[in-house]
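This is what each chain is made of:
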Amino acid sequence: MTALLGAMLTNPAALAQDTGDENARPFLERDLQYGTTSTKEACERQTNAVWVEHRLGTECIRYYPSSGLSPEEKPNVAVMYFHGDHLAGSAPLGNYGKITPQKLLDGVQSYYRKFGVPYVLIGRPGVYGSSGDHTQRRRLKESYSLNAAVDAIKTRYGMQKVVLAGQSGGAYTAAALLSLGRTDVMCVAASSGVYAVSELAEIKRAKNYMRSRPGCDVTNYCDAYEVIDHVDAVVADPQRVFYLIANPEDRNTVFFLQKRFADKLAAAGHRVEVIEAKGRGPDGHSLSHVSFPVAGVCARGEDPKSVLSGALKNQAPEPVE
């Protein structure tokens, strides 16, 4: 029984075989809209979940791993990928109600096969089975919970280094975790990020002829953790590179705010590379098809810029953002 449990925790194929019904069940939109809670005991009964505790509270964070994380393989590094936002106001974005755990597992597995490094897609609070309230994204508790989740996942699989990566609100998360003082980050691959939260929200309100609310996010909370104001907390590391991936024509997270964050990091002495790429979708915002490969190439110890065009050819199916 112990051997079977270990296989299920580290092998998505075994997980799909033994808990197929659970993994085929779509996530509930009402959980996304209204949030969920959990207890430590309930969390520990779930597959691929970690219970985290910190000064702002607790959370049960679900994650979706590829192969390559077994004790026998002893991975030194894995890509920790954070998805984007899934709410616009109170409305679920895209096809959230059709997404299943198996789809997430299949997505990260496709990148593992392509780049040969483990990937872990982490559900932000309130999303993809994690407890919490997604309407409170970008408040400090979210970043604390995800920072603790990365620590717990690292400990579970015995890895030493991580690559932080994400799209949009997930790129914000990657940057926020870096600003919380992490010293184990090999590189960051952040696409279409939200780094100046309240300023971007004001731009969106003006665009939609809405009342100005300086200092407040689109979530209507006015205490977002502004990553752009915490660059001084990023620990110096001459080997680490922050790959900021952006579409200059992005009509969602505007390019000049992303570039301002990159410039501020560089001015503080950190290595930053801006990768301009064409975004997908009607607003040119989706760039996960770039950040997933950049993260994988970097995790292999290679320069993403030198192999990026090849990495994007014959692209594996991308996981849901």
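Residues numbered from 1 in each chain as written. Predicted model: local features only at pLDDT ≥ 70, side-chain atom pairs only at ≥ 80, totals over all residues. Heavy atoms only, no water.

J.: How should the packing of aromatic side chains be read in this particular structure?
T.: Two descriptors summarise a pair of aromatic rings, namely the distance from one centre to the other and the angle between the planes of the rings. For the structure shown, the criterion picks out 12 aromatic pairs. Between the aromatic rings of F27 and Y64, the centroid separation amounts to 6.3 Å while the plane-to-plane angle is 85°, which identifies the pairing as edge-to-face. Pair noted here: F27 is in the loop between α3 (20-24) and α4 (29-34) and Y64 is in strand β2 (residues 57-65), with a separation of 37 residues, a long-range link. The same class applies to F27 and to Y64, which are both buried. For the pair F242 and F261, a centre-to-centre distance of 5.7 Å together with 75° between the ring planes defines the contact as edge-to-face. Note that F242 is positioned in strand β9 (residues 241-246) and F261 in helix α10 (residues 255-267), a separation of 19 residues in sequence. You can call F242 buried: its relative accessible area is 3%. F261 sits in the buried class, given a relative accessible area of 3%. One aromatic cluster is present, built from ring pairs that chain together Y81, Y111, F115, Y119 and F292. (Phe/Tyr/Trp six-rings, centres within 6.5 Å; stacked < 30°, edge-to-face > 60°. Helix = DSSP H or I, 4+ residues; strand = E, 2+ residues; numbered from the N terminus. Buried < 20%, exposed > 50% of the residue type's maximum accessible area, 1.4 Å probe, protein only.)

J.: Looking at this model, I keep getting lost on the sheet that holds strand β8 (residues 185-191). Mind explaining?
T.: Think of a sheet as strands paired side by side through backbone hydrogen bonds, with each pair either parallel or antiparallel. Strands sit in the order β1-β2-β6-β3-β7-β8-β9-β10 across an open sheet of 8 strands; the sheet is mixed. Each edge of the sheet is formed by a strand with only one pairing partner; in this case those strands are β1 (49-54) and β10 (271-276). Averaged over all pairs of adjacent strands, the angle between their axes in this sheet comes to 25°, without regard to strand direction. Relative to strand β7 (residues 161-167), strand β3 (residues 77-82) runs parallel, the two being bridged by 6 bridges. Bridging across to β7, F82 finds its partner in G166. Set on the sheet, helix α11 (residues 288-299) makes contact with β3, β6 (119-122), β7, β8, β9 and β10; between it and β8 the angle comes to about 170°. (Pairing = 2+ DSSP bridges. Axes fitted to C-alpha atoms, helices over the stretch in contact; angles between N-to-C directions. Contact = heavy atoms within 4.5 Å.)

J.: Please clarify how the side chain of H86 should be interpreted in this entry.
T.: Residue position: H86 is located in the loop between β3 and β4 (87-88). One polar contact links H86 to Y128, side chain to side chain, over a distance of 2.9 Å. (Polar contact = N/O pair within 3.5 Å; in protein donor to acceptor, adjacent residues only side chain to side chain.)

J.: What's the story with empty space enclosed by the protein in this structure? I'm lost.
T.: Over the atoms, a rolling probe the size of a water molecule traces out where space has been left empty. If you walk through the whole model with that rule in mind, you get 1 cavity of 30 Å³ or more. Its boundaries defined by the atoms lining it, the largest cavity holds a volume of some 40 Å³. Looking at the largest cavity, the residues that line it are A175, L178, S179, V227, H230, V231, V234, F242, F261 and L265. When contributions to the lining of the largest cavity are tallied by element, the ones reaching two or more residues are α8 (169-179) and α10. In terms of residue count, the dominant contributor to the lining of the largest cavity is α8 (3 residues). (1 Å grid on protein atoms, 1.4 Å probe; cavity = no way out; pocket = protein on both sides within 12 Å on 5 of 7 lines; lining within 4 Å. Points joined across faces, edges and corners; volume = space filled by probe spheres on them.)

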